[in-house]
Amino acid sequence: MRQLGIGELARQVGMRPSALRYYESVGLLPAAERAAGRRVYPAGIVRRIALIKMAQRAGFTLAEIRGLLDADAERGATRQWRALAESKLPELDRFIEQTQILRDAVADCLACGCMNFEKCELLSADGPGS
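Residues numbered from 1 in each chain as written. Predicted model: local features only at pLDDT ≥ 70, side-chain atom pairs only at ≥ 80, totals over all residues. Heavy atoms only, no water.

Overview of the overall build of the chain
So, point 1. In terms of regular secondary structure, the chain is built from five helices and three strands.
So, point 2. For the chain, the N- to C-terminal ordering of α and β elements is β-α-α-β-β-α-α-α.
So, point 3. Against the compact-globule benchmark of 14 Å for 130 residues, the chain has a radius of gyration of 23 Å, which places it well outside the compact range.
So, point 4. Considered along the principal axes of its C-alpha atoms, the chain spans approximately 70 × 35 × 20 Å. (Helix = DSSP H or I, 4+ residues; strand = E, 2+ residues; numbered from the N terminus. Rg over C-alpha atoms; globule rule 2.2 N^0.38 Å.)

Here's what the structure looks like:
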């Protein structure tokens, strides 16, 4: 099986080698083999890193991701993933709602058009129209 040095792996997955070493230290990645004193990983590790990055984008903590990866070797991994994903959905819905509120506030500010922070009614303590 083809092996990748840590630098080559880092370039392929768009990460720094230090991040890969950190992932290894916290158990997200298996311990790398050594060749001439350098870390080398099997080429298949790219898929595992893609899963880690996807889970991070979805808002999972590194501890949650590690639990999923540890469970992957067990028969209950699919059930565990489903339970964790279902518990994450309400959190993501809250984040989307809060982000929409922020987006609307920025759009309101642009629509106001005054571009004068000292006199803008949107920024007054009493709110617009006071």
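Further notes follow.
Overview of the packing of helix H1 (residues 6-13) against helix H2 (residues 17-25)
So, point 1. Running from amino to carboxyl end, H1 crosses H2 at an angle of 100 degrees, the nearest separation of the two axes being 9 Å. Accordingly, the angle class assigned to the pair H1 and H2 is roughly perpendicular. For the pair H1 and H2, contact is made by Ile6, Leu9, Ala10 and Val13 and by Pro17, Leu20 and Arg21, respectively.
So, point 2. Considered class by class, the residues forming the contact of H1 with H2 number six nonpolar, no polar and one charged. (Axes fitted to C-alpha atoms, helices over the stretch in contact; angles between N-to-C directions. Parallel < 35°, antiparallel > 145°, perpendicular 65-115°, else oblique. Contact = heavy atoms within 4.5 Å. Nonpolar A, V, L, I, M, F, W, Y, C, P; charged D, E, K, R; others polar.)

A closer look at unusual backbone geometry
So, point 1. Of note in the backbone geometry, Ala36 takes a positive phi value of approximately 55 degrees without being a glycine.
So, point 2. If you trace the backbone, Ala36 turns up in the loop between strand S2 (33-35) and strand S3 (38-42).

Regarding the environment of Pro17
So, point 1. Along the polypeptide, Pro17 turns up in helix H2.
So, point 2. Given the relative accessible area of 31%, Pro17 is considered partly exposed.
So, point 3. Distance from Pro17 to Gly7, taken between C-alpha atoms, is 6.1 Å for residues 10 residues apart in sequence.
So, point 4. Excluding residues that lie within four positions of it along the chain, Pro17 makes contacts with Ile6 and Ala10. (Buried < 20%, exposed > 50% of the residue type's maximum accessible area, 1.4 Å probe, protein only.)

Some thoughts on the sheet that holds strand S1 (residues 3-5)
In a beta sheet, neighbouring strands are held together by backbone hydrogen bonds and run either parallel or antiparallel to one another.
So, point 1. Pairing within the open sheet is antiparallel, and its three strands lie in the order S1-S3-S2. The two strands at the open ends of the sheet, each matched to only one other strand, are S1 and S2. Strand-to-strand twist across the sheet, computed as the mean angle between neighbouring axes with direction ignored, equals 45 degrees.
So, point 2. Where S1 lies against S3, three bridges are found, and the strand directions are antiparallel. Bridging from a neighbouring strand, Gln3 pairs with Pro42 of S3.
So, point 3. Relative to S1, H1 is tilted by about 95 degrees, and along the sheet it contacts S1 and S3. (Pairing = 2+ DSSP bridges.)

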